[in-house]
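# Structure at a glance
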Amino acid sequence: MILSLLAVLALPTWRAEILEGVRTVASPGIPGPVAVFGAKAEPIVVGLEGSNVQAAVVAVAERGRSRYAALGHEGYFGQGALAVGDTGRLIENLVRWAARNRSGARVLTAGLPDVNRFLASRGWSVQEADLDQPLSGDVLVMAVRKLDPRQRKNLRRFLREGGSLIAGGPAWGFLQLNPNLRISDHPINPFLAEAGLALADGMTQGTLPGGLYDATLEPLPEVHALKAAEELLSDRLAPDRRAQAAASILQAAACLPEREANLRPMLARIRSTVRGAVVPSASEPVRADQPLRRVALALEVQEAMTLPPERVKPHPAAAVFPGAVPADAPRVSRTIELEGRHAGWISTGLYAAPGEKLTVEVSPQTAGLGLSLRIGCHSDTLWHLDRWERAPEVTRVFPISQPKTVAANAFGGLVYVVVPDRGAPAGTKLTVRGAVEAPLYVKGKTSLQEWRERIRKLPAPWAELQAENMIVTVHASAVRNLEDPDAVCQVYDDASDAQADLAGIPRARRVPERFVVDQQISAGWMHSGYPIMAYTVGISELSVDSKRLREAPHGETWGHWHELGHNHQSDLWTFEGTVEVTNNVFTLYTMERVSGKKWWQSTHPAMAREETAKRLGSYLEAGAPFERWKSDPFLALTMYVQVVDAFGWDAIREAIASYHKMPPSERPRTDDQKRDAWMRALSRATGRNMGPFFRAWGVPVSDEAVQAVANLPEWLPAELRTKSAEAGG
């Protein structure tokens, strides 16, 4: 049945026509993938997701009289990309194809002056489109922004009347700007999806040096989700294509219209072929080479994340992670009163059991404040990873836009009120019903006696310690015997205060930092952000052990303060090669403030004095090559600690503080400008000319920047003076 369906569908072959004269295509920014799943849809240009999975970055489709093209970035319509390789030719070919080669075709562009001028220079009839008015033309070229109801109506009418659409934009950017929305909420996807295309989540890489895309690279058949599903069901799929098939299917499944008729039946068959529940764990992960299990679990998760709360059931994997709630644990009601000081996630000390409904009751006035209810703190998604040790998505967010809101999550999780950046008035109240109590200690508010006698024993599987400016989320088992939560909170307050002081910002945070332990995270062992996320192995216990946090006998807290340092970085003084360096300046400062350790005292094995001396000597012997400096974070960090050794932390603090006083017009933008600005800032903070210091290290600075501090006495540390003297001799 599936084979006969695909035979009838006869997937199109427009690629040769569209790529005539096109060999290389630009990579503006980081293009996202385009999901391809329509019966009349085709991938045109592909990039890579990871090392061996292809994803379309340009794809086309046809529906009725209309043709559609989707590109993974709106930068393809900009002057910079149009001039790179054959990108301009590709855009013109897409317009010609979308216009069905009609002479005199009328092209509309929406807010894209560069592509407007480019097409006009190539002889096309081009005019600016007003999306607020009915559209009259043959082809509309647009970047993907917000569309209000009137604009959606005008676009739908344009397509219904036979107009064609060329649209671009990275879906990952939309999701970053709209963290409470899903990919199916993307404003252009409902239009593209009707033709079997969608802008999908994720990021692609080029296939040529310099990040360019090789347009001659043939897309694998399984880039098309229909073909991938066919191969998967037929059991003919070669082992090296399994990850490709699963990736293409998952991209498409997240974007499918509810009544899509071709791929959905195949997905239902895939789910039916997998017997029993798919429950990933650290010991039995779901791997990329298990496409049926992977797709089955993904479909279940995607459904669980979109079902109305009344239809949500517990997912079997929830018992493994985030964890089960005892059946006899009392379900409670609690009224939450907001203090008005903070935005972001507000902890409630409540936990939603997997699949169980909560209700939130608020006043009509509160319903208009833009608040949300979040269930779950493990906000990392794992869709892009080759192995899943837990379900790839486990949190849900519900807008509180009515006096009564019902919410549920198949995986359960800690319950938060999410306050937007603009805040909410002090005294705002919300009543949550149907949750289980979770251990929550709030510094300065929670009674230590109540903590010891009752709160730390509460039945939820996750617990939180809330300091003044940082909140830590760990397995509840890690706090069952915790006697002194205040001491733990004080360590985190000391750390966040230290980093605020070095960054030159107020200690009090409108949005307190968050640190969350997870079974598996989206990248690395820990990563920065909101929240800071940490891989689970042993971290819960360390994160609530005040003695180990404070003393850090073997530098165990390096990861904690390293990621917190990332959250305090500024790109004004972070240039190429220092992303993993300037954050560690904060790490070292925090280790000194919190643990009393100088930078060479067991903070990190790579920062032992003998190691830094050996690394520096080898670097100078090689002639101080800047490329090597940029590729070795601990080598580069040594340059910063030389300043600390000579002038103390005040020099770094004052240099960073100077950026806060810098008028916007004077702020550095390019790497060259950033290196110059940092050299000048350090020179003024130390009262020394740092130009020779930077140049001895091989870090380029301009003659103009050095001249600006030439009135100050030159400075070199002893290690560099020796080498400088040898070079001069």
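Residues numbered from 1 in each chain as written. Predicted model: local features only at pLDDT ≥ 70, side-chain atom pairs only at ≥ 80, totals over all residues. Heavy atoms only, no water.

Attention shifts here to the overall build of the protein. Counting its regular elements, the protein contains 26 helices and 27 strands. Projected onto its principal axes, the C-alpha coordinates of the protein cover approximately 75 × 75 × 50 Å. Considering the protein as a whole, with its 729 residues, one finds that 57% of them fall into the buried category. Contacts in the protein between residues far apart in sequence, at least 24 positions, make up 71% of those at least 6 positions apart. For the protein, the computed accessible surface area is about 30100 Å², with 50% contributed by carbon and sulfur atoms. (Helix = DSSP H or I, 4+ residues; strand = E, 2+ residues; numbered from the N terminus. Buried < 20%, exposed > 50% of the residue type's maximum accessible area, 1.4 Å probe, protein only. Contact = heavy atoms within 4.5 Å. Areas by Shrake-Rupley, 256 points an atom, 1.4 Å probe, with all protein chains shown as cover.)

In a regular helix each residue adds 1.5 Å, so 16 residues correspond to 22 Å; helix α23 (residues 671–686) covers 22 Å between its end C-alpha atoms and thus fits that length. The secondary structure elements touched by the buried residues of α23 are α20 (626–631), α21 (633–647), α22 (649–660), α24 (691–696) and α25 (703–708). Just beyond α23, the residue with positive phi is glycine 687, at close to 70 degrees. (Expected span 1.5 Å × (residues − 1).)

Strand pairs in the sheet, formed through backbone hydrogen bonds, run parallel or antiparallel to each other. If you trace the six strands from one edge of the open sheet to the other, you get β22-β23-β24-β25-β27-β26, paired in mixed fashion. Each of the sheet's edge strands pairs with one partner strand only, and the pair in question is β22 (440–442) and β26 (526–527). Of the strand pairs in this sheet, strand β25 (residues 513–518) and strand β27 (residues 532–535) are connected by four bridges, and their pairing is parallel. Pairing of phenylalanine 515 across the sheet is with isoleucine 532, part of β27. Seen against the sheet, helix α14 (residues 485–503) touches β22, β23 (462–466) and β24 (470–475) and runs at an angle of roughly 65 degrees to β23. (Pairing = 2+ DSSP bridges. Axes fitted to C-alpha atoms, helices over the stretch in contact; angles between N-to-C directions.)

Interhelical geometry of helix α18 (residues 582–595) versus α21 gives an angle of 50 degrees and a closest axis separation of 10 Å. If you check the angle between α18 and α21, you find them oblique. In the crossing of α18 with α21, the sense of the turn from one axis to the other is right-handed. The residues of α21 that touch α18, namely those facing Thr582, Asn584, Val585 and Leu588, are Leu637, Tyr640 and Val641. (Parallel < 35°, antiparallel > 145°, perpendicular 65-115°, else oblique. Left-handed = near helix turned anticlockwise from the far one by under 90°.)

Tallied over the entire structure, the rule returns 47 salt bridges. Salt-bridge contacts for lysine 630 lead to glutamate 627; the nearest nitrogen and oxygen are separated by 3.0 Å. Of the two residues, lysine 630 and glutamate 627 both sit in helix α20, three residues apart, roughly one turn of that helix. For lysine 630, a relative accessible area of 17% translates into the label buried. Residue classification places glutamate 627 among the exposed positions, given a relative accessible area of 56%. It is possible to trace a salt-bridge network through shared partners that takes in Lys227, Glu230, Glu231 and Arg236. (Salt bridge = Lys/Arg side-chain N within 4 Å of Asp/Glu carboxyl O.)

Each assigned domain of the protein is listed here: domain 1 (14–219), domain 2 (220–274 + 286–306), domain 3 (315–438) and domain 4 (569–725). One C-alpha centre belongs to domain 2, the other to domain 4, and the line joining them spans 50 Å. (Domains from an automatic or database assignment.)

On to the nonpolar core, then. Judged by nonpolar contacts, the single largest core of 81 residues is most densely connected at Leu140, Met142, Leu155, Leu165, Ile188 and Leu263. The dominant element in this core, judged by the number of residues it contributes, is helix α12 (residues 291–306), at eight residues. Apart from the residues lying within four places of it in its own chain, the contact partners of leucine 140 are Leu108, Ala110, Ala129, Leu131, Leu135, Leu155, Phe158, Ser164, Leu165 and Ile166. (Core = buried A, V, L, I, M, F, W, Y, C linked by side-chain atoms within 4.5 Å.)

Tracing the backbone through its elements, the reader meets arginine 294 in helix α12. No salt bridge is formed by the buried arginine 294; its nearest oppositely charged neighbour, aspartate 386, is found at 5.2 Å. Those residues in contact with arginine 294 that sit more than four places away from it in its chain are Ala246, Leu250, Val286, Arg287, Ala288, Trp383, Leu385, Asp386, Arg387 and Trp388. (Lys, Arg positive; Asp, Glu negative; His and termini not counted.)

Turning our attention to the packing of aromatic side chains. In the structure shown here, the tally under the stated rule is 19 aromatic pairs. Between tryptophan 345 and tyrosine 530, the aromatic rings sit 5.4 Å apart at their centres with planes inclined by 70 degrees, giving edge-to-face as the arrangement. Of this pair, tryptophan 345 sits in strand β14 (residues 344–352) while tyrosine 530 sits in the loop between β26 and β27, and the two are 185 residues apart along the sequence. A relative accessible area of 33% means that tyrosine 530 is categorised as partly exposed. Seen in terms of ring centroids, tryptophan 383 and tryptophan 388 are 5.7 Å apart; in terms of plane orientation they differ by 90 degrees. Their pairing is edge-to-face. The structure contains a cluster of three or more aromatic residues connected by ring pairs, namely Phe647, Phe693, Phe694 and Trp715. The residue whose ring lies beneath arginine 609 is tryptophan 600, and the NZ or CZ to ring-centre distance is 4.0 Å. (Phe/Tyr/Trp six-rings, centres within 6.5 Å; stacked < 30°, edge-to-face > 60°. Lys NZ or Arg CZ within 6 Å of the ring centre and 35° of its normal.)

What follows covers the pairing of strand β8 (residues 139–143). Across the five residues of β8, five count as buried, placing the element largely inside the fold. Residues Val139, Val141 and Ala143 line one face of β8 and the alternating positions Leu140 and Met142 line the opposite face, and both faces are buried. As judged from the four bridges shared by strand β6 (residues 106–110) and β8, these two strands associate in the parallel manner. When the sheet's bridge partners are listed, leucine 108 is paired in β8 with leucine 140. Note that β8 and strand β9 (residues 164–168) share five bridges and pair parallel. Following the sheet pairing, alanine 143 is matched in β9 by glycine 168. On the question of chirality, the crossover connecting β8 to the parallel β9 by way of helix α6 (residues 149–160) is right-handed. (Right-handed = clockwise from strand over helix to strand, strands pointing away.)

Our focus in this paragraph is unusual backbone geometry. Residue proline 322 follows phenylalanine 321 across a cis peptide bond; omega there is 5 degrees. Tracing the backbone through its elements, the reader meets proline 322 in the loop between α12 and β13 (332–337). Going from tyrosine 530 to proline 531, the amide bond is cis rather than trans, its omega being 0 degrees. One non-glycine residue, alanine 552, adopts positive backbone phi at about 40 degrees. Mapped onto the elements, alanine 552 comes out in the loop between α16 (546–551) and α17 (558–568). You can call alanine 552 buried: its relative accessible area is 0%. Its identity is not glycine, yet alanine 624 carries a phi of approximately 55 degrees, on the positive side.

This part covers the environment of arginine 454. Relative to the elements of secondary structure, arginine 454 occurs in the loop between α13 (448–453) and β23. Placed 15 residues apart in sequence, arginine 454 and proline 439 show a C-alpha to C-alpha distance of 8.8 Å. Among the polar contacts made by the side chain of arginine 454, one reaches the side chain of glutamate 437 at a distance of 3.2 Å. (Polar contact = N/O pair within 3.5 Å; in protein donor to acceptor, adjacent residues only side chain to side chain.)

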